[in-house]
Every structure is written in C-alpha cells, then in structure tokens.
Amino acid sequence: MNKEKCIGCGACVSVCPDVFEMSDDGKSEVKKKECDLDCCKEAKDVCPVDAISLD
Ligand code: SF4
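Residues numbered from 1 in each chain as written. Predicted model: local features only at pLDDT ≥ 70, side-chain atom pairs only at ≥ 80, totals over all residues.

Draft legend 1. Main features of the overall build of the protein. Helix and strand counts for the protein stand at 2 helices and 2 strands. Its helices and strands taken in sequence order, the protein reads α-β-β-α from the N to the C terminus. The C-alpha atoms of the protein give a radius of gyration of 10 Å, which matches the 10 Å a tight globule of 55 residues would have. In terms of its C-alpha atoms, the protein occupies a principal-axis envelope of roughly 25 × 20 × 20 Å. Relative to its full complement of 55 residues, the protein shows a buried share of 22%. Sequence-distant contacts in the protein: of pairs separated by 6 or more residues, those separated by 24 or more amount to 42%. (Helix = DSSP H or I, 4+ residues; strand = E, 2+ residues; numbered from the N terminus. Rg over C-alpha atoms; globule rule 2.2 N^0.38 Å. Buried ≥ 20, exposed ≤ 12 C-beta atoms within 10 Å, placed from the backbone. Contact = placed C-beta atoms within 7 Å.)

Put into structure tokens, the structure is as follows:
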C-alpha cells in the first residue's frame, strides 16, 4: 500500500477492517502483512487513488 498516495478516505477500512485501519496521520495502515482475504481485492477496487497494490 502506497502511503504517499493515500488520501485517507477510509474506504478500504470500511470494506476490509480486518486488514486496514486508520492511523494517527489520517491515512490508512495495513495491520496484517498477509492479505489473503477476499476483501483485500475489494479494498483495492474501492480505493479512489489506487494506493493499494496486492502482491
Ligand atoms: S481507500 Fe485508498 S485512499 Fe482511501 S484510506 Fe484506503 S488506501 Fe487511503
């Protein structure tokens, strides 16, 4: 996930709270290193600035 790009909209946290959370700097943060849940792909799709990459 690209913190530079993130605008802190919270969309990824809404669709995938087990993996993403908002951090103190107002941007989202990845809680789990492994993203093996379906919602990871969903989070990538909803991110308006394409800040999430799955690898
Ligand atoms: S959906 Fe994208 S822009 Fe919005 S908080 Fe998550 S990473 Fe940041």
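Draft legend 2. Up close: the site of the ligand. Taken together, 16 residues lie near the ligand, and Cys6, Cys9, Cys12, Ser28 and Cys47 sit nearest. Across the shell around the ligand, the residue classes break down as 12 nonpolar, 3 polar and 1 charged. (Near = placed C-beta within 6 Å. Nonpolar A, V, L, I, M, F, W, Y, C, P; charged D, E, K, R; others polar.)

Draft legend 3. Up close: the nonpolar core. Cys6, Cys12, Cys16, Val19, Phe20, Cys35, Cys40, Ala43, Cys47, Ala51 and Ile52 together form the largest nonpolar core, which totals 11 residues. Excluding anything up to four places from it in sequence, phenylalanine 20 contacts Cys12, Val13, Ser28, Glu29, Val30, Lys31 and Ala43. (Core = buried A, V, L, I, M, F, W, Y, C linked by C-beta atoms within 7 Å.)

Draft legend 4. Region of the structure containing the confidence of the model for the protein. Across the protein, the average pLDDT comes to 92, with 100% of residues at or above 70. Element-level pLDDT for the protein is lowest in strand S2 (residues 28-30), with a mean of 93, against a maximum mean of 96 in helix H1 (residues 11-15). (pLDDT = per-residue confidence, 0-100.)

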